[in-house]
Amino acid sequence: MSNIVDPLVGQIASRIRTERERRRWTLAQVADASGVSQAMISRIERGESSPTAVVLGKLSAAFQLSVSSLLALAEGTQDAADGLGEVRRRAGAAEWRDPATGYRRRQITSPHFPAEIAEIRLPAGARVPYPAAAFAFVRQVVWVLDGHLTFHDGDTVHELDAGDTIELGEPTERTFANTTDTACRYAVILARGTQP
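It should be emphasised that the depicted structure is a prediction, and the values quoted were computed from it without experimental measurement.

S.K.: Please explain the pairing of strand β4 (residues 127-130) as it appears in this structure.
M.R.: Working note: regular strand, side chains alternate between the two faces of the sheet. Of the two faces of β4, only one is covered, namely that formed by Val 128 and Tyr 130; the face formed by Arg 127 and Pro 129 stays uncovered. Pairing of β4 with strand β9 (residues 174-177), which is carried by four bridges, proceeds in the antiparallel orientation. The residue bridging Val 128 from the neighbouring strand is Phe 176, located in β9.

S.K.: Explanation requested: the packing of helix α2 (residues 27-34) against helix α3 (residues 38-45) in the structure shown.
M.R.: Relative placement of two packed helices is described by the angle separating their axes and the distance separating the axes. α3 packs onto α2 with a crossing angle of 115 degrees between their chain directions and a minimal axis gap of 9 Å. In this view, α2 runs roughly perpendicular relative to α3, as classed from their interaxial angle. Where α2 crosses over α3, the two elements pack in a sense that is right-handed. Contacts between α2 and α3 pair Leu 27, Ala 28, Val 30, Ala 31 and Ser 34 from the former with Gln 38, Ile 41, Ser 42 and Glu 45 from the latter. For the contact of α2 with α3, the per-class residue count stands at five nonpolar, three polar and one charged.

S.K.: Explain empty space enclosed by the protein to me, please; I cannot follow it from the model alone.
M.R.: Within this structure, the stated rule accounts for two cavities of 30 Å³ or more. Surrounding the largest cavity, 14 residues form its lining, Val 67, Arg 105, Tyr 130, Phe 135 and Gln 140 being those nearest its centre. Sorting the residues of the lining of the largest cavity by element identifies α5 (67-75) and β10 (184-192) as the ones contributing at least two each. Of the residues in the lining of the largest cavity, the class split is ten nonpolar, three polar and one charged.

S.K.: Whenever I open this one, the side chain of Glu 19 confuses me. Can you help?
M.R.: Its location among the elements puts Glu 19 in helix α1 (residues 7-22). When its relative accessible area of 2% is taken as the criterion, Glu 19 is described as buried. The contact partners of Glu 19, leaving out residues within four places of it in the chain, are Phe 63, Leu 65, Leu 70 and Leu 73.

S.K.: Help me out: how do you make sense of the environment of Arg 17 in this one?
M.R.: With respect to the secondary-structure elements, Arg 17 resides in helix α1. Between the C-alpha atoms of Arg 17 and Leu 27, which are ten residues apart in sequence, the distance is 9.4 Å. When sequence neighbours within four positions are dropped, the list of residues in contact with Arg 17 reads Glu 45 and Arg 46.

S.K.: Looking at this model, I keep getting lost on the sheet that holds strand β6 (residues 148-153). Mind explaining?
M.R.: Backbone hydrogen bonds hold the strands of a sheet together, and the pairing may be parallel or antiparallel. The strand order across the open sheet built from four strands is β4-β9-β6-β7, with neighbouring strands paired in antiparallel fashion. Two strands bound the open sheet, and with one partner strand each, they are β4 and β7 (156-161). Going across the sheet, the axis of each strand differs from the next one's by a mean of 15 degrees, ignoring polarity. One ladder, built from four bridges, connects β6 with β9; its direction is antiparallel. Pairing of His 152 across the sheet is with Thr 175, part of β9.

S.K.: Can you help me understand the pattern of salt bridges in this one?
M.R.: Any two side chains of opposite charge can pair, so long as their charged atoms come close to each other. Applying the stated rule across the entire model yields twelve salt bridges. Between Arg 185 and Glu 119 there is a salt bridge, with its nearest N and O atoms 3.0 Å apart. In this pair, Arg 185 is assigned in strand β10 and Glu 119 in strand β3 (residues 115-122), connecting sequence segments 66 residues apart. Shared partners join several salt bridges into a network, and the residues in it are Arg 106, Glu 119, Arg 121, Asp 146 and Arg 185.

S.K.: Whenever I open this one, α3 confuses me. Can you help?
M.R.: Working note: α-helix, 3.6 residues per turn, so residues spaced by three or four point in the same direction. For α3, the complete set of buried residues consists of Ile 41, Ser 42, Ile 44 and Glu 45. Taken around the axis of α3, the buried residues stretch over an arc of 160 degrees, which confines them to a single face. Lining the buried residues of α3 we find α1, α2 and α4 (53-62).

S.K.: Any chance you could explain the packing of aromatic side chains here in plain terms?
M.R.: What describes a pair of aromatic rings is the distance from one ring centre to the other and the angle between the planes of the rings. Scanning the entire structure with this criterion turns up six aromatic pairs. Ring geometry for Trp 96 against Tyr 103: centres 5.9 Å apart, planes inclined by 70 degrees, an arrangement best described as edge-to-face. As far as burial versus exposure is concerned, Trp 96 and Tyr 103 are alike and both buried. For the ring pair Phe 176 and Tyr 186, a centre distance of 5.4 Å and an interplane angle of 0 degrees mean the geometry is stacked. Here the residue Phe 176 occupies a position in strand β9, and Tyr 186 occupies one in strand β10, the gap between them amounting to ten residues. As far as the burial class goes, Phe 176 and Tyr 186 line up, both buried. Put simply, the rings of Tyr 130, Phe 135, Phe 151, Phe 176 and Tyr 186 touch in pairs and so form one group of aromatic residues.

Cut-offs applied
Residues numbered from 1 in each chain as written. Predicted model: local features only at pLDDT ≥ 70, side-chain atom pairs only at ≥ 80, totals over all residues. Heavy atoms only, no water. Buried < 20%, exposed > 50% of the residue type's maximum accessible area, 1.4 Å probe, protein only. Helix = DSSP H or I, 4+ residues; strand = E, 2+ residues; numbered from the N terminus. Pairing = 2+ DSSP bridges. Axes fitted to C-alpha atoms, helices over the stretch in contact; angles between N-to-C directions. Parallel < 35°, antiparallel > 145°, perpendicular 65-115°, else oblique. Left-handed = near helix turned anticlockwise from the far one by under 90°. Contact = heavy atoms within 4.5 Å. Nonpolar A, V, L, I, M, F, W, Y, C, P; charged D, E, K, R; others polar. 1 Å grid on protein atoms, 1.4 Å probe; cavity = no way out; pocket = protein on both sides within 12 Å on 5 of 7 lines; lining within 4 Å. Points joined across faces, edges and corners; volume = space filled by probe spheres on them. Salt bridge = Lys/Arg side-chain N within 4 Å of Asp/Glu carboxyl O. Arc of directions from axis to C-beta. Phe/Tyr/Trp six-rings, centres within 6.5 Å; stacked < 30°, edge-to-face > 60°.

Structure follows, in structure tokens:
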């Protein structure tokens, strides 16, 4: 299934454009800050191209937001008081899929909750790197729910199995990799820091 028809792709496009305009940045300035080409940013903003997880990581880093924050803001169309005390059904939850790796990400909490929780499904053989800047201004825990995750925290490699957790320290380049032949499912719990 193509992500281009996914309504979440349109919401991501709108959020990226909003973040750029909020800062009064040109496409060239976002490209310089992120390392993503102007042409790609333009296609993403127009909803003509679905960003990969790597591209989302670079763009979120340029905006000094986590990927979770960027996706939560993209989904957030409710007022601050809406959604409190309401059940959010799995069947109605938006799920973003990386067109390059098949990585799937579902925001568990709304943008108004004081912590961000996301569920990630990493297919067999998938590898998703993020720049250090994607982890600025946040405190984060990775909790493996099913399968095995090879987690690169800078130069250190951690092999994590179901039930294992790791609290992330200072921002560094990080890679989430599934080196097995079965899917891995993990949660990312993020405490929001000071917004830029």
